[in-house]
Structure formats: structure tokens, C-alpha cells
Amino acid sequence: MKAVELFAGIGGFRIACDELGLETVWANDIDPKASRVYRDRFGPEVHVEGDIATLVDSVPDHDLLTAGFPCQPFSSAGKKLGIEDVRGTLFEKIVWVLNKKKPRYFVLENVKRLLSMDKGAHFATILDALSDLGYFVEWRLLNAVDFSLPQNRERIVIIGHLDKAPLTYLCTEQDLSGLTDRQMAQVGNPDRWSDIRDHSAKFLNWGMALEGRFCHANIESFSESKPFVKLDSVLERSPDRSFFFTEDTLARIRNSEVVNRYFNGVEILYNQKGGARMGYSIFGTSGVAPTLTCTTSRHYERYKVGNEFRRLTNVEYARIQGFPDHHCQGITRYDQYSLYGNAVPPQLVKWVIARLLQGAGRRLDSRALQCELL
Ligand SMILES: C[S@@+](CC[C@H](N)C(=O)[O-])C[C@H]1O[C@@H](n2cnc3c(N)ncnc32)[C@H](O)[C@@H]1O
């Protein structure tokens, strides 16, 4: 099996593919620092640095396309122009490659708000373009915390395959057991799916699409969840003193309110008075970290570790995202935070790709029929 990795960054998908024995035959990113990390870690052979807009023609044949693509507005979103709706965007390049190369599978990854951007029109446009290509599309919202990473990081994964039966790769039987018979009868029967144009303002956390139609539902449980890991257990024991700002934080705490509560698994000890902005929170380490991002101000968030206050180290960022400690070695510490903050946790996408490769798809039509007969 051969893989191509678009918008490769520092290679979150690459690590997953390597561990699963897939050969990555082509990878691309425009960012020189991310590209340097990629080449340093995986060798220079398959990586091409540059703007994908000028490189799509050189993408070789492959079986799996992966991409954590940048989120850009679609100027004509929702106009039901199919592939034309995404013209001029980076997402269009993905569609272009899929259309030309027709790999058997694709796995895309993006932020949760994709489901509700533009009152659902953005995601509808994506589903429409992908399902227009003849792919059976499925999506699910996954959280890094379910893959033994100490981070609340919700990400939408969108997969595609060329089987035409209503098939779920991303839900187990147990995950689906919360659906009512009526819902089951609908999801297993594409004739009963809605036109993508009739979407609501927010797509639910799981769904499927085929030839311009879709169904979706909220799936509450994730039966494949791995053991919970606390932030505390991945922290470096004696980090450099430059990461600490204890005196400064003690002064800040005098102007803060005690919170001492968990939000989405994140332990919040204090919030700045008069504002609940996360940037001014002081976190504990008994829960998980809030979503790591590439935003520089977020890299200075304060954590209480023992009796001192400090920010997270670049090595801790690597661990929280599921990368080896020195994956970004050779890049300034400052830039490492952003590269890790932008990356996809390899464990999360490894689970998704493994499900595809193992043929773990479950047909939904026979159960749908049973439900219909009830
Ligand atoms: C969300 S990040 C993907 C990170 C990646 N999945 C990882 O694990 O590191 C999006 C990537 O798209 C890249 N990018 C943005 N515009 C691009 C373009 N025109 N051509 C190629 N890559 C681009 C950025 O440099 C960034 O690394």
C-alpha cells in the first residue's frame, strides 16, 4: 500500500503510516521549518517543499491520500456546484488529486468547528465535493484524550472509500447501540438520506455521505477508547529554569479568582478576574492539557507543577501530541511549539487508518432492515 501525505507539516500521518507498514511515496508542505523537520526525521527522498498549487501534477499513484488541510472560506459555499464550489482553495487541490488519481482511500483531518462554520455550508460543500467524486464518505469527531494522550483535542476525521454499501469504519457495533431503531433504519438505507443541501446549521458528530446525500447522528460513546493518561505523568521532572515564572504568576494570582474545577478534563485553578479567557487561566496537572495550538500567546500558558508555576516545555508539547521527544530537534524552541500545535496526533489517525486497512467496515443495511421490520 502506498500513501501520499498532503499538507504534511511535521509528519503526524507519516508516523502513523510507517507504524502500519504503509510506504509513503510523496509528501508536501510549503513551510520551510516543517519541511526541514520532515526531511530530518524521515529522509529527503519523498518530501517536496513548495506550494501544492504548483505541484499537484507531480503527485504519483497511491492507495491512500492523507491530509490535515488548512481551513479557508469557500466563496461560493453551499451553491451546490459540486467540485466547482471549492474553486481557488487548498481543499480544491485535495479534490483535484482524488479526482485524478482515485486512490482507494482517503483520510482528512480538521478542526471541530468545520462542522458548524458558515452555518453548516462549509462542511456541506466538503461533503458534496467528496461524494461527487464517487467516494463513500464517513466522518467522526474524535478526541486525543481517547488515544492515551493528555490533551482535550477534538478533531474531525473524514474518510472516503470506494465501496458503495452503507458501511461504517469509524463506529463499532457498541458505539451504534445508542441509536434508536428509527435512526438505524435510516442510516443503513441511503435512499432515506437527506439531500446535502438540506443540512442544518451544525452537522452532528458522526455521519456518512454518498452521491449528494447524507445521514448523521450524535454518537455518545467511543468503545475503542484507550486508557486515560494525566498531564502530570508526561511532564519533564527537571526542566530548564527558563520555563518557570513563579514570582510573576504569584503576583497574577492576587488578581485572579479561584476556580478549582475541571472543564473538558482540563483542571483550571485560577482565572483572571473579570474574564474567563483561557489565556489568563492557570492550569493544574491532574487533568489533561487544553488543545495545543500554533498561537504563540498560548505557548506561555501557566501550569502549577508542585509548588511552582511554569509553562510547558517543547518536549512536553511533543509528548502531549504523541510525538517522540526530539522530533523537532534542530528547530528553535519557539518554533517547535507552533509545529507541534499544528500537527495531528499520530495515534489518533493511526487508529483510523488501521480500521480502513483491516477492512473493519461494518455493513449497516442488514441491521437497518431488521429495525425496519420491528
Ligand atoms: C494543519 S497543518 C497540518 C499538519 C500535519 N498534519 C502535521 O502532522 O504536522 C497544515 C499544513 O499545511 C501547510 N500549507 C499551507 N498552505 C500550503 C500550501 N499552499 N501548499 C502546501 N502546504 C501548505 C502548512 O505549512 C501546514 O504545515
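Scroll up for the structure.
To start, this report covers the structure provided alongside it. None of the values given here were measured: they were computed from a predicted structure.

Cut-offs and rules
- Residues numbered from 1 in each chain as written.
- Predicted model: local features only at pLDDT ≥ 70, side-chain atom pairs only at ≥ 80, totals over all residues.
- Heavy atoms only, no water.
- Helix = DSSP H or I, 4+ residues; strand = E, 2+ residues; numbered from the N terminus.
- Buried < 20%, exposed > 50% of the residue type's maximum accessible area, 1.4 Å probe, protein only.
- Polar contact = N/O pair within 3.5 Å; in protein donor to acceptor, adjacent residues only side chain to side chain.
- Contact = heavy atoms within 4.5 Å.
- Near = heavy atom within 4 Å.
- Areas by Shrake-Rupley, 256 points an atom, 1.4 Å probe, with all protein chains shown as cover.
- Pairing = 2+ DSSP bridges.
- 1 Å grid on protein atoms, 1.4 Å probe; cavity = no way out; pocket = protein on both sides within 12 Å on 5 of 7 lines; lining within 4 Å.
- Points joined across faces, edges and corners; volume = space filled by probe spheres on them.
- Nonpolar A, V, L, I, M, F, W, Y, C, P; charged D, E, K, R; others polar.

1. Structural notes on the side chain of E109
In step 1: Mapped onto the elements, E109 comes out in strand 5 (residues 105–111).
In step 2: You can call E109 buried: its relative accessible area is 7%.
In step 3: Of note is the side chain of E109, whose polar atom sits 3.3 Å from the side chain of R155.
In step 4: Discounting residues that sit within four places of it in the chain, E109 has contacts with F13, A67, G68, F69, R155, I156, V157 and V344.

2. Describing the site of the ligand
In step 1: Neighbouring residues of the ligand: 19 residues in total, closest I10, G12, D29, D51 and I52.
In step 2: The contact in question runs from an oxygen atom of the ligand to an N or O atom on the side chain of D29, over 2.6 Å.
In step 3: V344 places a main-chain nitrogen or oxygen 3.1 Å from an oxygen atom of the ligand.
In step 4: In isolation the ligand exposes 610 Å². Once the protein is present, 86% of that is buried.

3. Topic: the sheet that holds strand 16 (residues 308–310)
In step 1: A sheet is described by the order of its strands in space; here 5 strands give the open sequence 12-13-14-15-16, paired in mixed fashion. Each having just a single partner strand, strand 12 (256–263) and strand 16 make up the two edges of the open sheet.
In step 2: Here strand 13 (residues 266–272) runs beside strand 14 (residues 282–283); their pairing, made up of 2 bridges, is antiparallel. The residue of strand 14 that forms the bridge with Y270 is I282.

4. Here's the deal with the layout of surface pockets
In step 1: Looking at the largest pocket, its volume works out to about 880 Å³.
In step 2: Surrounding the largest pocket, 40 residues form its lining, G68, F69, P70, N342 and A343 being those nearest its centre.
In step 3: Those elements that provide at least two residues to the lining of the largest pocket are helix 1 (12–19), strand 2 (23–29), helix 2 (32–42), strand 5 and helix 9 (333–342).
In step 4: Of the residues forming the lining of the largest pocket, the biggest block, 5 residues, is contributed by helix 9.
In step 5: Each residue belonging to the lining of the largest pocket can be placed in one class, and the counts come to 17 nonpolar, 13 polar and 10 charged.

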